[in-house]
Amino acid sequence: MPRPLGELEDAVMTRVWKWNRPVTVREVLEDLQQERSIAYTTVMTVLDNLHQKGWVRREAEGRAYRYEAVSTRAAYAAALMNEAWSQSDNPAAALVAFFGMMSEEQRQSLTDAVRIVQGPEALAPPAPDVETPAETGAESTESSGETRGTPGQSPDHPGR
C-alpha cells in the first residue's frame with residue numbers, strides 16, 4: 001500500500017498527473033514558484049524521492065531527467081481508500097460511515113462507478129411483478145374509462 005504523499009510530494013505529483021507527459025525538474029520548479037519560493041534542488045530531491053518510491057519513472061535526457069507518473073491520481077486515491085477500509089474491524093460499518101460523509105455529488109459519482117463496474121442493470125429499479133395488458137393479450141380500457149364485465153359479457157351490455 002502506498003503511504004500518503006507529503007504536502008510537497010503531492011504538489012509535485014499533482015503537476016505530473018495534470019500534465020500527463022514526461023516533465024523536467026525545471027518545468028515543475030517554474031510552476032511551483034508561482035505559488036511558493038522553492039529551490040531547484042528541493043524539487044529535484046522530491047522527484048528523486050518519488051522515483052525511489054515508485055511513483056514516477058525517469059528517463060535521462062542529456063544531463064537531466066524527464067519524469068513521468070507510473071499510475072494515475074485516481075489509482076492513488078483508490079489505493080488510499082482501500083488501505084483505510086482494510087484497516088477497519090467492521091468494513092460494512094466503515095462504508096456506511098463513509099457514505100454518510102459524502103456529498104450528493106459524491107454519491108452520484110459512486111452510483112455512476114457501480115454502473116460502470118457492474119453494468120447498467122445493477123442499479124436499475126426492479127421491475128414490478130405486474131403483467132401489462134400487452135403481456136396478457138388483453139386490451140386496456142383504463143384510458144377510455146370503460147369497465148370490463150365478467151367473461152362472456154359485453155362491457156356495454158353487462159347482461160349479454
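Okay, so let's go over this structure. Sequence order as written defines residue numbering, which begins from 1 separately in each chain. Where totals are concerned, whole chains, interfaces and linings use all residues; where local detail is concerned, this predicted model gives features only for residues with pLDDT of at least 70, and gives and counts side-chain atom pairs only at 80 or more. The side-chain quantities take in all heavy atoms of the structure and omit both hydrogens and water.

## Some points on the nonpolar core
Here comes step 1: Core analysis: the biggest nonpolar cluster contains 21 residues, and Val12, Met13, Val43, Leu47 and Leu50 have the highest contact counts within it.
Here comes step 2: Secondary structure elements follow DSSP: runs of H or I no shorter than four residues count as helices, runs of E no shorter than two count as strands, and numbering proceeds from the N terminus. Elements with a contribution of two residues or more to this core: α1 (7-19), α2 (25-32), α3 (40-52) and β2 (64-69).
Here comes step 3: Element by element, the count of residues in this core is highest for α1, at 5 residues.
Here comes step 4: Dropping the residues within four chain positions of it, Met13 is found in contact with Leu5, Leu50, Trp55, Val56 and Ala69. Throughout, nonpolar core names a set of buried Ala, Val, Leu, Ile, Met, Phe, Trp, Tyr and Cys residues whose side chains join them through atoms within 4.5 Å. Here's how the labels work: a residue is buried when its accessible area is under 20% of the maximum for its type, exposed when over 50%, partly exposed in between, all with a 1.4 Å probe on protein chains only. Two residues form a contact once any of their heavy atoms are found within 4.5 Å.

## Regarding the packing of aromatic side chains
Here comes step 1: Any two rings among Phe, Tyr and Trp, with Trp reduced to its six-membered ring, count as a pair given centres within 6.5 Å; such a pair is stacked if its planes are under 30 degrees apart, edge-to-face if over 60, and tilted if neither. In the structure shown here, the tally under the stated rule is 5 aromatic pairs.
Here comes step 2: Measuring from ring centre to ring centre gives 5.0 Å for Trp55 and Tyr76, while their planes differ by 85 degrees; the resulting arrangement is edge-to-face. Here Tyr76 lies in helix α4 (residues 73-86) and Trp55 lies in the loop between α3 and β1 (56-61), a separation of 21 residues in the sequence.
Here comes step 3: On the basis of relative accessibility, which here comes to 10%, the residue Trp55 falls in the buried class.
Here comes step 4: On the basis of relative accessibility, which here comes to 7%, the residue Tyr76 falls in the buried class.
Here comes step 5: Three or more aromatic residues joined by ring pairs form one cluster here, namely Trp17, Trp55 and Tyr76.
Here comes step 6: The aromatic ring of Tyr65 is capped on one face by Arg58, whose charged end is 4.2 Å from the ring centroid. We call a charge positioned above a ring when the Lys NZ or Arg CZ atom is no farther than 6 Å from the ring centre and deviates by at most 35 degrees from the ring normal.

## Quick look at the packing of α1 against α2
Here comes step 1: Angular values range over 0 to 180 degrees, each being the angle between N-to-C directions of two axes fitted as lines to C-alpha atoms, with helices fitted over their stretch in contact. Between α1 and α2, the shortest axis-to-axis distance is 11 Å and the interhelical angle comes to 110 degrees. Classified by the angle between their axes, α1 and α2 sit roughly perpendicular to one another. For the pair α1 and α2, the crossing hand works out as right-handed. Only Glu27, Val28, Asp31 and Leu32 of α2 make contact with α1, whose side of the interface consists of Leu8, Ala11, Val12, Arg15, Lys18 and Trp19. Note on angle classes: values under 35 degrees are labelled roughly parallel, values over 145 roughly antiparallel, values of 65 to 115 roughly perpendicular, and the remainder oblique. Crossings are sorted by hand: turned counterclockwise from the far helix by less than a right angle, the near helix makes the crossing left-handed, and turned clockwise it makes it right-handed.

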